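Report on the structure
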Amino acid sequence: MAFEPPPRLVRALGETAPAQDAWLAELPATAERAVAERELTVERVQVPGGRSSLVVLVRRTDGTPAVLKLAPPRARPGSERAALVRWAGLGAVQLLEAGAAEGALLLERLHPDVSVRSLPEAKALLEAAGTLRRLWVEPPADHVFETVAGRTGRQAAAMRVGADADPEVAPLVDAALAAREDLLAAPPEHRLLHGTFRQSKVLSGERMPWLAVGPDPVVGECAFDLARLVRDRVEDLIATPSGAAVVRRRIKRLAESLETDQDRLRGWTLFRAVESGVRALRVGRPKDAELLLEFAGWL
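Throughout what follows, the structure given in this document is the object of discussion.

Within the chain, the secondary structure is distributed over 11 helices and 10 strands. Across its three principal directions, the C-alpha atoms of the chain cover 55 × 40 × 40 Å. A total of 299 residues make up the chain; the buried ones form 51% of that total. Within the chain, contacts between residues separated by at least 24 positions form 70% of all contacts whose residues are at least 6 apart in sequence. Approximately 13800 Å² of the chain is accessible, and the part contributed by carbon and sulfur atoms is 54%. With 41 positive and 41 negative side-chain charges, the chain shows a spacing of 3 Å between the two charge centroids.

So this is what it looks like as structure tokens:
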């Protein structure tokens, strides 16, 4: 079988690929090798799939359905593996093998086309928040996960460059960077976080109704993780005349349901929306940038 990466993956990785990166070109051969080593039977490549990895639906030698996920080093598959080991299937997809090779993860098969995003908005937020709560555990004492301070520090540097290149976004960038400084001064807790949590990252399963997939784990305060969920379905929010009021209610509801400080949640939501908007401008996605920066202006 030909393991051609889906167009969405090619576009997404093309935006961030370093010079001379050969991972995409080598991916078909890497996938063939990973399948052969595990004696897997391939059903199909998941399309459109993710934006940072190739997802292949497979069966193991005993007929058990599974997922083979292949990700480039810059997607930190080793960090994802370590987080899945820590969660041990509680709230997250189950890791099916202990070893690691070539950024390959063999995972429990969920229903890839059924996420909580398919539910009505209020129900989707409730189910997503409940799933996220299960993931907020103490990190191992000797963990090697990136920290919120470290990750957002790298992002802040790129945001400053973006503000210099486009003075129109400078006020929002200044506000986001100021919020980050205040938030990092006294974080209220130290937890293992999903890192890139949103409704589409919560899939239907057999073992549990909903399980999280695709973490980019980070250690820090819970409000950072919850912030990305606040702006879910941002295109619908922007299209709604009362969108700003809906966002304020969403922040209040999510903060109360997960016992998170509203002001801290608002601050991280601002930072993450501006960071995503500036990054979208940088890689040539002006429509996405416009939506995200308009959303950030409501905060």
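Our next topic: the packing of aromatic side chains. This model, assessed by the stated rule, comprises three aromatic pairs. Each ring, one from Trp268 and one from Phe271, has its centre 5.8 Å from the other, and the planes form 90 degrees; the classification is edge-to-face. Placement of both Trp268 and Phe271 in helix 10 (residues 262-282) is noted, with a separation of three residues, approximately one turn of the helix. Neither residue differs from the other here; Trp268 and Phe271 are each classed as buried. A ring pair is formed by Phe295 and Trp298, whose centres lie 6.2 Å apart and whose planes are at 55 degrees; its orientation type is tilted.

Attention shifts here to the sheet that holds strand 4 (residues 104-108). An order of 1-2-3-4 is seen for the four strands of this open sheet, with the pairing classed as antiparallel. Either end of the sheet is taken by a strand with one partner, and the two such strands are strand 1 (41-45) and strand 4. Shown here is a sheet whose adjacent strand axes are inclined to one another by a mean of 30 degrees, direction ignored. Note that strand 1 and strand 2 (residues 54-59) share four bridges and pair antiparallel. Paired with Val45 across the bridge in strand 2 is Val56. In the packing of helix 2 (residues 23-38) onto the sheet, contacts are made with strand 1, strand 2, strand 3 (65-70) and strand 4, and the angle to strand 3 comes to roughly 145 degrees.

Next up on the list: the pairing of strand 2. Most of strand 2 sits inside the fold, with five of its six residues counted as buried. Hairpin geometry of strand 2 and strand 3 is characterised by an intervening segment of five residues between the two adjacent antiparallel strands and by a positive phi of about 90 degrees at Gly63.

With that settled, the discussion passes to the pattern of salt bridges. Applying the stated criterion to the full structure yields 22 salt bridges. The closest approach of N and O atoms between Asp232 and Arg117, which form a salt bridge, is 3.7 Å. Linking Asp232 in the loop between helix 7 (222-230) and helix 8 (234-239) with Arg117 in the loop between strand 5 (111-115) and helix 4 (121-135), this pair joins segments that are 115 residues apart in sequence. We classify Asp232 as buried; its relative accessible area is 3%.

In this structure, the amide linkage connecting Val47 to the following residue, Pro48, adopts the cis form with an omega of 5 degrees. Among the secondary structure elements, Pro48 is positioned in the loop between strand 1 and strand 2. The residue Arg76 is not glycine, and still its phi comes out positive at about 55 degrees. Its place among the elements puts Arg76 in the loop between strand 3 and helix 3 (77-87). Phi is positive for Ala88, close to 50 degrees, though the residue is something other than glycine. Along the chain, the position of Ala88 falls in the loop between helix 3 and strand 4.

So, on to helix 9 (residues 243-257). For helix 9, with 15 residues, the first-to-last C-alpha span of 21 Å sits near the 21 Å given by 1.5 Å per residue. For helix 9, the complete set of buried residues consists of Gly243, Val246, Val247, Arg250, Ile251, Leu254 and Ala255. Here the buried residues of helix 9 occupy an arc of 160 degrees about the axis, which is enough to place them on one side.

If you look at the biggest cluster of nonpolar residues, it comprises 69 residues, and the most contacted ones within it are Val173, Leu226, Leu254, Leu265, Trp268, Val274 and Phe295. If we skip the residues at most four places from it in the chain, Trp268 touches Val148, Thr152, Arg180, Leu183, Leu184, Glu221, Ala223, Phe224 and Ala227. Grouped together as the second largest cluster of nonpolar side chains are 18 residues, Leu9, Ala31, Val56 and Val58 included.

Attention now moves to the packing of helix 10 against helix 11 (residues 286-297). Working note: a packed helix pair is described by the angle between its axes plus the distance between those axes. Where helix 10 contacts helix 11, the two axes come as close as 8 Å, and the packing angle between them is 160 degrees. Viewed along their axes, helix 10 and helix 11 adopt a mutual orientation that is roughly antiparallel. Crossing of helix 10 against helix 11: the hand is left-handed. Judged by residue contacts, Thr269, Leu270, Ala273, Val274, Ser276, Gly277, Val278, Ala280 and Leu281 of helix 10 engage Pro286, Asp288, Ala289, Leu292, Leu293, Phe295 and Ala296 from helix 11. Of the residues in the contact of helix 10 with helix 11, the class split is 12 nonpolar, three polar and one charged.

It is worth spelling out the sheet that holds strand 10 (residues 218-220) at this point. If you trace the three strands from one edge of the open sheet to the other, you get 6-10-7, paired in mixed fashion. The open sheet has two free edges, formed respectively by strand 6 (146-147) and strand 7 (191-193), since each of these has just one partner strand. Relative to strand 10, strand 7 is paired through three bridges, and the arrangement is antiparallel. Looking across to strand 10, one finds that Leu193 is bridged to Val218.

The rules behind the values
Residues numbered from 1 in each chain as written. Predicted model: local features only at pLDDT ≥ 70, side-chain atom pairs only at ≥ 80, totals over all residues. Heavy atoms only, no water. Helix = DSSP H or I, 4+ residues; strand = E, 2+ residues; numbered from the N terminus. Buried < 20%, exposed > 50% of the residue type's maximum accessible area, 1.4 Å probe, protein only. Contact = heavy atoms within 4.5 Å. Areas by Shrake-Rupley, 256 points an atom, 1.4 Å probe, with all protein chains shown as cover. Lys, Arg positive; Asp, Glu negative; His and termini not counted. Charge placed at Lys NZ, Arg CZ, Asp CG, Glu CD. Phe/Tyr/Trp six-rings, centres within 6.5 Å; stacked < 30°, edge-to-face > 60°. Pairing = 2+ DSSP bridges. Axes fitted to C-alpha atoms, helices over the stretch in contact; angles between N-to-C directions. Salt bridge = Lys/Arg side-chain N within 4 Å of Asp/Glu carboxyl O. Expected span 1.5 Å × (residues − 1). Arc of directions from axis to C-beta. Core = buried A, V, L, I, M, F, W, Y, C linked by side-chain atoms within 4.5 Å. Parallel < 35°, antiparallel > 145°, perpendicular 65-115°, else oblique. Left-handed = near helix turned anticlockwise from the far one by under 90°. Nonpolar A, V, L, I, M, F, W, Y, C, P; charged D, E, K, R; others polar.

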